Amino acid sequence: MTTTTSTYRNLQIERTGAVTVLRVNRPDVLNALNRETLSEIEDAGRAFVADAEQGALIVTGAGEKSFISGADINELAVLGPAAAEEISRFGQRVLDVLENAPKPVIAAVNGYAFGGGCELALACHMRLASENAVLGLPEVSLGIIPGYGGTQRLARLVGQGRALELMLSAGRVKADEAFRLGLVNRVVPREQLLDEAMKLAQAILKNGPLAVAAVIEAVQRGLQMPLEAGLRLESSLFGILAASEDMHEGLNAFLEKRPARFQRR
Ligand code: COA
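Since we're looking at a predicted model, the values are computed, not measured. (Residues numbered from 1 in each chain as written. Predicted model: local features only at pLDDT ≥ 70, side-chain atom pairs only at ≥ 80, totals over all residues. Heavy atoms only, no water.)

> So, the pattern of salt bridges: which residues are in play, and what are the values?
Applying the stated rule across the entire model yields 15 salt bridges. Between E196 and K199 there is a salt bridge whose closest N-O contact spans 3.2 Å. Here E196 and its partner K199 are both found in helix α8 (residues 193-205), three residues apart, which amounts to about one turn of the helix. The exposure class of E196 is buried, given its relative accessible area of 16%. The exposed category is assigned to K199, whose relative accessible area is 53%. (Salt bridge = Lys/Arg side-chain N within 4 Å of Asp/Glu carboxyl O. Helix = DSSP H or I, 4+ residues; strand = E, 2+ residues; numbered from the N terminus. Buried < 20%, exposed > 50% of the residue type's maximum accessible area, 1.4 Å probe, protein only.)

> Let's hear about the nonpolar core: which residues, and what values?
Ranked by internal contacts, the top residues of the largest apolar core, which has 47 residues, are V109, L120, L135, L154 and L183. Residues in contact with L135, not counting those within four places in the same chain, are V109, A113, F114, C118, G171, R172, V173, A178, L183 and V184. (Core = buried A, V, L, I, M, F, W, Y, C linked by side-chain atoms within 4.5 Å. Contact = heavy atoms within 4.5 Å.)

> Give a description of helix α3 (residues 81-99) that names residues and reports values.
Because each turn of an α-helix spans 3.6 residues, side chains separated by three or four positions in sequence point in the same direction. Here α3 is 19 residues long and its end C-alpha atoms lie 27 Å apart, about the 27 Å a rise of 1.5 Å per residue gives. Burial in α3 covers these residues: I87, S88, F90, G91, V94, L95, V97, L98 and E99. Buried-residue contacts for α3 involve α1 (35-50), β4 (56-61), β6 (105-109), α4 (116-123), α5 (150-158) and α9 (209-222). (Expected span 1.5 Å × (residues − 1).)

> Run through the pairing of strand β2 (residues 11-16), naming residues and quoting values.
Summarising the sheet, strand β1 (residues 2-5) and β2 pair through four bridges and their orientation is antiparallel. Among the inter-strand pairings, T3 is bridged to a residue of β2, identified as R15. The pairing of β2 with strand β3 (residues 19-24) spans six bridges and is antiparallel. What sits directly across from T16, in β3, is V19. Turn length for the β2-β3 hairpin, with the two strands adjacent in sequence and antiparallel, is two residues, and the turn residue G17 shows positive phi of about 55 degrees. (Pairing = 2+ DSSP bridges.)

Structural data, given as structure tokens:
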């Protein structure tokens, strides 16, 4: 069953079973992120995390053409130094909510994903792109730099050399090139993008939710640690899961040749 809520001015939220679809919806500016929209994403992201009924989040853009065209340049144009630093910290905090979610967050990149839009996709756990998607961090062409985590996350995802080339040249890459760079997981026909994202979410939802959360934590936190500390984190999470009913259910279900019934405990 699908329910749609419209409590936000710039977002559409749709829930189908345990999957939430968040659509950024500012058609006049190709879904650019102004402060209000960022604030709404923070709120919707926190609501998703807190909702025990919801297991996966898909983030996409409304319309045919654009995922998110970037930070709203109208707002950037009037910033002084203190306000610029503050909006950067704010944007980073909002995207951290998505990245730190203990449930999968999938970006369905359905068109332009520039600047803050590309940064938002980078903060998601996985990225699918439609064939018409174009991604890039073109901030230097505006005399600014990526400020919502892009300098850090892009380099971690695709490596230093590729990240620097993309950012320093203000390059914009089409979906197939983004795939080649490792910027997106997969490219699919435009009309199948949401279905493919939904299929991926459903495939993940079949698995033990505590184990899914533990993998996300091990990878996301582990990437910020030296290998030895990451391996310790992995072992700790492995040990913690052994205290869960779900672990016993998963293993016993296999041995008894039946589907597992996970209870998130
Ligand atoms: N912030 C504010 N407004 C934006 C915007 C942004 N990031 N991106 C697009 N818009 C606005 C345009 O100003 C235009 O408004 P108008 O109709 O009042 O003139 C409207 O959205 C449509 O954009 P337009 O440029 O006419 O569409 P297009 O299809 O020709 O080009 C883009 C689309 C995305 C290639 C182009 O708009 C663009 O380069 N945008 C900026 C991308 C960017 O640098 N993002 C990083 C910001 S830090």
